[in-house]
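Structure at a glance
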Amino acid sequence: MSVHPLHSASSDAVWQAKVHLAGALRLAVLDGFEEGIDNHFTMCVPGREDAYLVLPFGKHWSEARASDMMVFNEAGETLEGEGVVELSAQCIHAPLHRLTGAKVVLHTHQPWATALNMLQDNRLLPASQTAAFFHNRIAYDHTYTGLAKTLREGERLAAIMQDKQVLFMKNHGVVTVGHSVAQAYRRLYKLEKACHTQLLAMGSGQPLQVLSEEVIAEVLQRAPADRHPVAERERLYFEAMLRVLDRVNPGYAD
């Protein structure tokens, strides 16, 4: 079984970024977040702010490999690898990277988060511990404008998102961002769990018991004695999931 520790020093940061991005794509299939060859995960090429890694359009996420990753720029030009960047990936992701400063941008139509975004009131409510971690960290785009065809759409979304961790796209899907693939993917995973449980609870027909602001503040401010701060939890989670992939769908690091 191969091991890819996130905390180890790497002689090739670009290769490690490709491995993590390919791993996240395969994890999205395992978690039921993908739509075959559609949607996109992108990451800034380490050391650059104007070039982005993406899986070439046409490959299923379950077969993503580090060696497949291509590099593109905001003009839609292929700088490295084979393939042409899909138009909506160029138009949504490149401006989000440039204007929000996010190193990683993950966009999906994952079922429970998208289902919540189909409702007139699509707010994720802090009615569970998991949801509380997203309190005041979600931006909401209430205007679906159709398929992204120009960079202006990504710029519009970036203006809405600003410094938030998550973007809810009404009638569309979600975006999470992060400084690393581990951080952004764990946010995506936790988000889907929170949306899932909220919709299940709403299905009971009973009113939701929303947490108080005091309790939410306590959840967001972990005690100093916490043995595993958030950054370490992100790393440990992603390393654990890569080990799962090594068992059930190896080859992403090729």
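First, a word on what this report is: a plain description of the structure on this page. Just so we're clear, the structure is a prediction, and the values are computed from it rather than from any experiment. (Residues numbered from 1 in each chain as written. Predicted model: local features only at pLDDT ≥ 70, side-chain atom pairs only at ≥ 80, totals over all residues. Heavy atoms only, no water.)

A short note on the overall build of the protein chain
- Helix and strand counts for the protein chain come out as eight helices and eight strands.
- Expressed as lengths along the three principal axes of its C-alpha atoms, the size of the protein chain is roughly 50 × 45 × 30 Å.
- The burial tally for the protein chain puts 46% of its 254 residues in the buried class.
- Put simply, 67% of the contacts in the protein chain that link residues at least 6 apart link residues at least 24 apart.
- For the protein chain, the accessible area works out to roughly 12200 Å², and carbon and sulfur atoms hold 52% of it. (Helix = DSSP H or I, 4+ residues; strand = E, 2+ residues; numbered from the N terminus. Buried < 20%, exposed > 50% of the residue type's maximum accessible area, 1.4 Å probe, protein only. Contact = heavy atoms within 4.5 Å. Areas by Shrake-Rupley, 256 points an atom, 1.4 Å probe, with all protein chains shown as cover.)

Structural notes on the nonpolar core
- Core analysis: the biggest nonpolar cluster contains 48 residues, and Phe41, Leu124, Phe168, Tyr185, Leu191 and Phe238 have the highest contact counts within it.
- Elements represented by at least two residues in this core include exactly α1 (13–30), β1 (40–44), β5 (104–108), α3 (111–116), β6 (138–141), β7 (166–169), α6 (181–202) and α8 (230–248).
- In terms of residue count, α6 provides more of this core than any other element does, nine residues in total.
- Excluding residues that lie within four positions of it along the chain, Leu191 makes contacts with Leu124, Phe134, Ile138, Val166, Phe168, Val174 and Thr176. (Core = buried A, V, L, I, M, F, W, Y, C linked by side-chain atoms within 4.5 Å.)

Here we look at the packing of aromatic side chains
- Under the counting rule described, the total for this entry stands at six aromatic pairs.
- Ring geometry for Phe41 versus Trp61: centroids 4.7 Å apart, planes at 55°, classification tilted. A residue pair is termed long-range when its members are at least 10 positions apart, and Phe41 in strand β1 and Trp61 in the loop between β2 (52–54) and β3 (70–72) qualify at 20 residues.
- Residue classification places Phe41 among the buried residues on the basis of a relative accessible area of 1%.
- The buried category is assigned to Trp61, whose relative accessible area is 2%. (Phe/Tyr/Trp six-rings, centres within 6.5 Å; stacked < 30°, edge-to-face > 60°.)

With respect to the sheet that holds strand β4 (residues 78–80)
- Strand order in the open sheet made by the eight strands is β4-β3-β2-β1-β5-β8-β7-β6, with mixed pairing throughout. Both edges of this open sheet fall to β4 and β6, since each of them pairs with a single strand only. In this sheet, adjacent strand axes meet at a mean angle of 25° when their direction is disregarded.
- As paired elements, β5 and strand β8 (residues 173–178) share five bridges and run antiparallel to each other. Residue His107 lies in a different strand from β8, and its bridge partner there is Val175. (Pairing = 2+ DSSP bridges. Axes fitted to C-alpha atoms, helices over the stretch in contact; angles between N-to-C directions.)

Overview of the side chain of Glu192
- One can find Glu192 in helix α6.
- Summary of buried charges: Glu192 has no salt-bridge partner, and the nearest side chain of opposite charge, Lys193, is 8.7 Å away.
- Polar contacts involving the side chain of Glu192 include one to the main-chain amide nitrogen of Ala113, which spans 3.0 Å.
- Among residues more than four places away in sequence, those in contact with Glu192 are Phe33, Gln110, Pro111, Trp112 and Ala113. (Lys, Arg positive; Asp, Glu negative; His and termini not counted. Salt bridge = Lys/Arg side-chain N within 4 Å of Asp/Glu carboxyl O. Polar contact = N/O pair within 3.5 Å; in protein donor to acceptor, adjacent residues only side chain to side chain.)

As for the pairing of β5
- Burial runs high along β5: five of the five residues are buried.
- Because side chains alternate across β5, one face comprises the buried residues Val104, Leu106 and Thr108, and the other comprises Val105 and His107, equally buried.
- Of the pairings in the sheet, the one linking β1 to β5 comprises four bridges and is antiparallel in character. If you follow His40 over to β5, its bridge partner there is His107.

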